[in-house]
Amino acid sequence: MSRTMATWILTGALALGAVPALAGTPAAGPAAPQAQKARLESGLHQLAMRSTTGPKIGATERAEITRQESEIKSLIHRLETGQSVAPSEVDHALAPR
């Protein structure tokens, strides 16, 4: 029974791995920009929540949040216009400051 199960699992894994190759697209192709955009939008939402809820924030922190929001919006715009965005740029934009 376990050999049959292992055979099915291996067959399924091979089939799933072959689907992008058969389609002629890289595995991370179209999903990567969408995932990056979703991650950036989530970070933007968290910044908005941080600036509107909780204790009052000072002018320096407000300016930093505004700058970070601008950076994230710029990356989202680049993704929407089909430009590539390096994962390190996304990580830097979302890094807590």
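Residues numbered from 1 in each chain as written. Predicted model: local features only at pLDDT ≥ 70, side-chain atom pairs only at ≥ 80, totals over all residues. Heavy atoms only, no water.

Peer 1: Teacher, can you tell me more about the pattern of salt bridges here?
Peer 2: Opposite charge on two side chains permits them to pair, given that their charged atoms come into close proximity. What the rule picks out here adds up to seven salt bridges. Between E41 and K37 there is a salt bridge, with its nearest N and O atoms 3.9 Å apart. Taken together, the residues span about one helical turn, with E41 and K37 both in helix α2 (residues 31-52) at a distance of four residues. Put simply, K37, E41 and E80 are held in one network by salt bridges that share partners. (Salt bridge = Lys/Arg side-chain N within 4 Å of Asp/Glu carboxyl O. Helix = DSSP H or I, 4+ residues; strand = E, 2+ residues; numbered from the N terminus.)

Peer 1: Quick question: what am I supposed to make of the packing of helix α3 (residues 59-80) against helix α4 (residues 87-94) here?
Peer 2: Between two packed helices, the angle of one axis relative to the other and the distance separating the axes together describe the packing. Taken N-terminus to C-terminus, the directions of α3 and α4 make an angle of 155°; their axes are 9 Å apart at the nearest point. Taken together, the axes of α3 and α4 lie roughly antiparallel to each other. The two elements α3 and α4 cross, and the hand of that crossing is left-handed. Of the residues in α4, those touching α3 at Q68, E71, I72, L75 and R78 are E89, V90, H92, A93 and L94. Classifying every residue of the contact of α3 with α4 by side-chain character gives five nonpolar, two polar and three charged. (Axes fitted to C-alpha atoms, helices over the stretch in contact; angles between N-to-C directions. Parallel < 35°, antiparallel > 145°, perpendicular 65-115°, else oblique. Left-handed = near helix turned anticlockwise from the far one by under 90°. Contact = heavy atoms within 4.5 Å. Nonpolar A, V, L, I, M, F, W, Y, C, P; charged D, E, K, R; others polar.)

Peer 1: Would you explain the nonpolar core in this entry?
Peer 2: In summary, soluble globular proteins display a tendency toward joint burial of nonpolar side chains. Grouped together as the largest cluster of nonpolar side chains are 11 residues: L40, L44, L47, I65, I72, L75, I76, L79, V85, V90 and A93. Listed by contribution, the elements that provide at least two residues to this core are α2, α3 and α4. If you tally residues by element for this core, the top one is α3, at five residues. Beyond its immediate sequence surroundings of up to four residues, L44 is in contact with E69, I72, K73 and I76. (Core = buried A, V, L, I, M, F, W, Y, C linked by side-chain atoms within 4.5 Å. Buried < 20%, exposed > 50% of the residue type's maximum accessible area, 1.4 Å probe, protein only.)

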